[in-house]
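Analysis of the macromolecular model
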Amino acid sequence: MVSVVGRAVCGRRCRFGSRICRFDCPGRGAFIRNVPKRLFGSGCLAFCSHGCSLLLTMCKNRRPYAERIDGRDMIIPVEKYGVKLLSIGFFVDPDQATLWRGGMASNALKQLIADAAWGELDYFLIDLPPGTSDIHLTVVQTLAMTGAIVVSTPQAVALADARKGINMFTNDKVNVPILGLVENMAWFTPAELPENKYYIFGKEGAKKLAEEMNVPLLGQIPIVQSICEGGDNGTPVALDEDSVTGRAFLSLAASVVRQVDRRNVEMAPTQIVEMHK
């Protein structure tokens, strides 16, 4: 799962701004590598207790460090492309499996949120592992999130997980608004035939789910070779605004901003979830 972007109400900046959480289905990596670049004043926390590719693809040879601030040892995030970045991958051996029970993973997540010097952010994105687990409950119990963005590929097996993610956030006990869905790998477009679309994983599955669940479709991201190449070399394709993928991510980021602003105007702030035994 991925938690993403929030924006301070009325445009005021605060320590985190308001927050968003995004539920992950296949393809959250491309989202988290490219959308933050288009959101001014953003921070990104990539948390997957199984290991995270964000470290490998965006922050090669760079590491966060500790600094004493106001009597506390704080983690200073890495900054790249104007985005502050932290990942669990910075703190684990990339060649070893991370064998954590739920409590250990939850404590690590809370530390990366509370013990990092994020500074003032308009948007704060948290990339979380797939599923509905202790990690997701920890997030809603730690942060008052603006809303959730669900990312899914078009095929039925991915949409089943997306549906569960929507149900988790809209559950009465959690009550986090769904800002919209993103359809990743929506179609394949070969570089030599940029006008052609081949629906490898099915056609418009996430779009149909968005209509069924009455939530906005924020964007459709095609499969293009440059996304893979950019992921491997750590260069977000969103930097090239004239490319097919660059325009797609630019449009997606704009949709996210509009939905966050609309949610902040039309709805009361989300409350931190209190779980009672």
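Nothing here was measured: the structure is a model prediction, and the numbers come from that model.

Evaluation of the coordinates by the stated rule reveals five salt bridges. Across the pair Asp 115 and Arg 72 runs a salt bridge, and its minimum N-O distance is 2.7 Å. Residue Asp 115 is found in the loop between helix H3 (102-114) and strand E8 (123-127), and its partner Arg 72 is found in strand E5 (residues 72-76); the two are separated by 43 residues along the sequence. Owing to a relative accessible area of 40%, Arg 72 belongs among the partly exposed residues under this scheme. Two residues, Glu 204 and Lys 207, come together in a salt bridge whose shortest N-O distance is 3.8 Å. A relative accessible area of 24% places Glu 204 in the partly exposed class. A relative accessible area of 29% places Lys 207 in the partly exposed class.

What follows concerns the pairing of strand E7 (residues 83-87). Within E7, four of the five residues are buried, leaving the element largely enclosed by the surrounding structure. In this sheet, E7 lies alongside strand E6 (residues 78-80) in antiparallel orientation, the contact comprising three bridges. Bridge pairing links Val 78 to Leu 85 in E7. Counting the residues in the hairpin turn of E6 and E7 gives two residues, including Tyr 81, whose phi is positive at 55 degrees.

Definitions and limits used
Residues numbered from 1 in each chain as written. Predicted model: local features only at pLDDT ≥ 70, side-chain atom pairs only at ≥ 80, totals over all residues. Heavy atoms only, no water. Salt bridge = Lys/Arg side-chain N within 4 Å of Asp/Glu carboxyl O. Helix = DSSP H or I, 4+ residues; strand = E, 2+ residues; numbered from the N terminus. Buried < 20%, exposed > 50% of the residue type's maximum accessible area, 1.4 Å probe, protein only. Pairing = 2+ DSSP bridges.

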